[in-house]
Amino acid sequence: MRSPVLPLTWHLTRSAGRRGLQSHLLAAGAAAVGSFLLLVMVAVSLGAGTRADHTTWRTPDAVPAKDATAVQVTTTTYVRQEPVTVVNLAQRPDREQTPAPPGLSGFPKPGQVYVSPALAELLHKLPAGQLADRFPKTKTYGTLGAAALASPDELVAVVGRAPGDAAVAKTAGEQNYYDDGLTKRAPVSGFADTKASVFTGADQGTVLLGVVLLVMPVVVLASAAGRLGAARREQRLAALRLAGATPRQILAMTAAESAGVGAAGALAGALAYTALLPALAALPYGVGGWYTGQLWVGLPWLAAVVAAVTALITVSAVTMLRKVATSPLGVAQQADPRRTRAIRLLLFVAVLLYIWATTGQGGQLKTQQLLALLGLFYGAFWLFGPWVVDRLGRIVGRRAKRPATLLAARRLSDDPRGAWRTVSGLVLAGFVAGFFSVSSLGSEGPSHEGQVAVITANAADARHTAAEARTALHRAGVTATVSVTSEDDFDSLLSGVDGVIADVPGGQERIDTAVTALTPLGSGRYPFTQAYVSAPDDTITARVATVSTATLVLSFLVAAASAGLTAAANVLDRRRVYGLLRLAGTPLEVLDRARVRETVIPLAVLAGGTTAMGAFGAMQLNKAAGTTINTSGAVELVICLAVGALAMLAAITASRPLLRKVTAGPAQTAD
Amino acid sequence: MSTVLAGYGLVKKYGSTTALAGVDVEVRERDSLAIMGPSGSGKSTLLHTLAGIIRPDGGQVLLRGERSEMGVPPAEGWGRIDRLGENRLSALRRKRFGFVFQFGQLLPELPAEENVALPLMLEGVPRGKAVERARRWFAPLGLEGLEGRRPGQLSGGQAQRVAIARALAVEPDVVFADEPTGALDQNTSAEVIRLLTSVTRASGAALVMVTHDADVAAHCDRVLHVRDGRISNYSQYTVA
């Protein structure tokens, strides 16, 4: 016999009326937001890796000299504080032709200069004395294809050199401590994938950190979607249970309905992601915006995310109905308060003790260990939250003097898990805020802003080069103080290396002009500035700052959306009791204040706790990394929490018109 | 017994449907009045209009001891409540009326005593005193020992008795009951209605009740039969 489940589910869904439709639309909307955000997170994680892969050809793939067909020197120069990666290539005479590097159709001939579109634009925009004169003079620049670039905004040049050119000489590739990842010379025979550039190598790892912290709020949002309309569904299905439907049929109907709604929403989110790819690609991260293809996750990932969100919503809805299957009367009358057990507290304390014991041994932990501990914090709070909400409800309930507070407190202790879900997004976002606000890695090295450094072979060369530098700077119209540094002189950008330092006042344009003017004096090496020396640290700091800001903003948005959805769902689910209370004269303000307090009370206690935990975790991480703590982040933290809390309250308040509407009056019938 | 609430010439239309077509009704102190009629006859509309939940399109609703919003009251000591603003109506329903609905009026997360104390707290009575006053209603309604139970832990009849206690807790002038036994079995229904009428009368309040059950209506002093928005019949019982 054909199963009646699907036809009956379809019939009940269609006949759910306007309010049923509202619930379905809200749930589908949340599923759409959830799948959209998950897809964006997957896209950015994968895309960051793809971008890094596009830079691996630039680090020379060293081969034995006898096998080498060319010399590659990859270096970095800065203009307007932005890095320009320069790949100098020289074909060795009497050797096989070297294959073309990515993005080019052939190996560049001496004097040929190929530039990325963004660099071409900059070359056109800036005076030659600030940038173009750093490269061989040429009538036209060739264009580097996308295969050579991590981002359409990246500044990259490939320069063909003669074998005897200073730019590919051994001196051009000599390594100092600050050259790591920025300058490297090697004999090559092609362009195999080697190490990613310093500007993209850390991108994926940083993104993953943000993704880990963001996943839970998004999961909460999707779970909230699954619980939308739970009370309506419970009543309806409990009635069906009483009418003789089997538990399996009830669960199958719930699963079918929520899976249908969830899949529709998740697909809508996937479509939105696909449609918005060009807009997403324009958002800058690290070296700049994205090629659209880098952010396309592919059909398997798309299908996996849609399936995961649908499954999450279905499981969430089915979990809510577990008790219908066993005790239909109990659920229909909401007999059982959903209590929490003290085991949650014990587990939380155990985790804290473990972390205390692990970090309190004097030795520094590895970063991975501390990240694992942070994950443990996170999970522990997930267990601990409902228990705290339950106790808070009981304590506040005992002391409440006003009706709104009493109603809120009783609601908290009646369904602590539900209340926790409402605030968990922001509470965990508080953890993120606390973590990132103090975890921006600070570099304590001396800063020599305004200095331009030229390395020389020895002290004698330095004196000679200093004279030439004065002339070159004078000719370029740059006023600067030129001095010679020695091995004993550590108080300069050269820090103990023989060379020349030009102190250039007057801002970035003057510095760029000075770098360009001094380029011919560097024996094949570009003169460098503070930006070059601190590039590795600054890159990490900048990436963490970008990811932390994005994580905070998204966490708060998702948390506010979760809170708003749950609040609207609660109003719809409790419309009968709210409506009757209002008919009996209960002011709307009391019901509304109770709803807000239901959120504010756990939020105030728990968000404070998790924020402190996040800050503590970040301090431990900083300790492990041996870096300073970003104390100014405290201001950012306070602002973030205030804005997040306000957004959340605004989201809850947004359902006030709905509360007013559903409690407006008795059914307009002639009876 | 003097009149405490009255409606004269009440008219209410929903689109082209006339729910009330000029109804006159008076409710006296300690009076219990049942409103009966078939579905769609206008009986619930009449109750809602008298209770200030629905504003009539015509006629007036007068409540003794109420100040009139319109200025000069129509008679000494009377106020016309059908023209009051929503806030004043809401306060009036809270202070001077009590309500018992068919089901679902109790907050599931509050214990019974707090459900009963809630309207008192809304009136500014301190929580301790409100709960103490609420508990006084439990014995007369046969609810002793159930003060700490939540609505979900009560039977249907017990929950309705808690609802009656809540309606009476503010010591109202009139208790409105809309199908108060509609969700109960016959035996429980008889018990609940006996308590509702007797305790309400003992408290000094009047009772206006909508029901389609003649046995339930028989517990009231008077019965109004409504059909097509008009009073079709009027009967009076002698209640022991």
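Predicted model only: the values in this text are computed from it and were never measured.

Rules of the game
- Residues numbered from 1 in each chain as written.
- Chains lettered and ligands numbered in written order.
- Predicted model: local features only at pLDDT ≥ 70, side-chain atom pairs only at ≥ 80, totals over all residues.
- Heavy atoms only, no water.
- Helix = DSSP H or I, 4+ residues; strand = E, 2+ residues; numbered from the N terminus.
- Contact = heavy atoms within 4.5 Å.
- Areas by Shrake-Rupley, 256 points an atom, 1.4 Å probe, with all protein chains shown as cover.
- Salt bridge = Lys/Arg side-chain N within 4 Å of Asp/Glu carboxyl O.
- Buried < 20%, exposed > 50% of the residue type's maximum accessible area, 1.4 Å probe, protein only.
- Pairing = 2+ DSSP bridges.
- pLDDT = per-residue confidence, 0-100.
- Buried area = accessible area lost by both parts, 1.4 Å probe.
- Core = buried A, V, L, I, M, F, W, Y, C linked by side-chain atoms within 4.5 Å.
- Patch = residues over 30% accessible without salt bridge, like charges linked within 9 Å, V, L, I, M, F, W, Y side chains within 5 Å.

Considerations on the overall build of chain B
Counting its regular elements, chain B contains seven helices and ten strands. The contacts in chain B between residues at least 6 apart in sequence include a share of 64% that link residues at least 24 apart. Put simply, chain B shows about 9,500 Å² of open surface, and 46% of that area lies on carbon and sulfur atoms.

Observations regarding the pattern of salt bridges
Residues and elements named next belong to chain A. Tallied over the full model, the rule gives 31 salt bridges over all chains. Between Arg411 and Glu598 there is a salt bridge; the shortest N-O distance is 3.4 Å. Highlighted residues: Arg411 in helix 13 (residues 403-414) and Glu598 in helix 20 (residues 588-625), separated in sequence by 187 residues. Given a relative accessible area of 13%, Arg411 falls into the buried group. Taking the relative accessible area as the measure of exposure, Glu598 reaches 13% and is therefore buried. Each member of the salt-bridge network shares a partner with another, and the members are Arg80, Arg134, Glu509 and Asp512.

Some points on the pairing of strand 2 (residues 17-28) of chain B
Pairing analysis gives nine bridges linking strand 1 (residues 3-14) of chain B to strand 2 of chain B, with the strands arranged antiparallel. Residue pairing in the sheet places B:Val11 in a bridge with B:Ala21 of strand 2 of chain B.

Considering the confidence of the model for chain A
Considering every residue of chain A, the mean pLDDT works out to 83; 85% of them sit at 70 or more. Note that residues 325-334 of chain A has pLDDT below 50 and, in this model, 16 contacts with residues that lie over four places away or in other chains.

Details of the sheet that holds strand 3 (residues 113-115) of chain A
Residues and elements named next belong to chain A. The strand order 4-3-5-2-1-6 describes an open sheet built from six strands, whose pairing is mixed. If you trace the sheet from one side to the other, it starts and ends with strand 4 (142-143) and strand 6 (184-188), each paired once. Across five bridges, strand 2 (residues 82-91) lies against strand 5 (residues 156-160) in parallel orientation. The partner of Val86 across the bridge, within strand 5, is Ala157.

Considerations on the environment of B:Ala34
Within the secondary structure, B:Ala34 is located in strand 3 (residues 32-36). Discounting residues that sit within four places of it in the chain, B:Ala34 has contacts with B:Met209, B:Ala217, B:Cys220, B:Arg222, B:Val223 and B:Leu224.

Section: the interface of chain B and chain A
Counting residues at the interface gives 38 residues for chain B and 34 residues for chain A. Summing both sides of the interface, chain B and chain A together bury roughly 3,000 Å²; the carbon and sulfur share of this comes to 58%. The largest share of the area that chain B buries against chain A comes from B:Glu109, B:Arg127 and B:Arg150, three residues that together contribute 20% of it. Taken together, the links from chain B to chain A amount to two salt bridges.

Regarding the pairing of strand 9 (residues 499-503) of chain A
Residues and elements named next belong to chain A. For strand 9, the tally of buried residues reaches four of five residues, placing the bulk of the element in the interior. Where strand 7 (residues 451-455) and strand 9 come together, five bridges link them in antiparallel fashion. When the sheet's bridge partners are listed, Val452 is paired in strand 9 with Ala502. As paired strands, strand 8 (residues 481-485) and strand 9 are joined by five bridges and run antiparallel to one another. Bridge pairing in strand 9 places Val482 opposite Ala502.

Some thoughts on the nonpolar core
The biggest cluster of nonpolar side chains holds 64 residues, and the ones touching the most others in it are B:Val100, B:Leu141, B:Leu196 and B:Met209. Sorting elements by how many residues they give to this core places helix 5 (residues 156-169) of chain B first, with eight residues. In contact with B:Met209, other than residues within four places in its own chain, are B:Leu33, B:Ala34, B:Ile35, B:Leu47, B:Ala177, B:Pro180, B:Ile193, B:Leu196, B:Val216 and B:Cys220. Ranked by size, the runner-up nonpolar core spans 41 residues in total, among them A:Phe36, A:Val218, A:Tyr273 and A:Tyr285.

What about helix 3 (residues 112-122) of chain B?
Across the eleven residues of helix 3 of chain B, eleven count as buried, placing the element largely inside the fold. Directly beyond the C-terminal end of helix 3 of chain B, a positive phi value near 95 degrees is found at B:Gly124.

Overview of a nonpolar patch on the surface
Residue and element names in this part refer to chain A. A contiguous nonpolar patch, built from Ile343, Leu346, Leu347 and Leu383 and spanning about 350 Å² of accessible area, is present on the exposed surface. A total of three residues in the nonpolar patch trace back to one element, the largest contributor, which is helix 11 (residues 343-359). With respect to the element layout, Leu347 can be found in helix 11. Given a relative accessible area of 40%, Leu347 falls into the partly exposed group.

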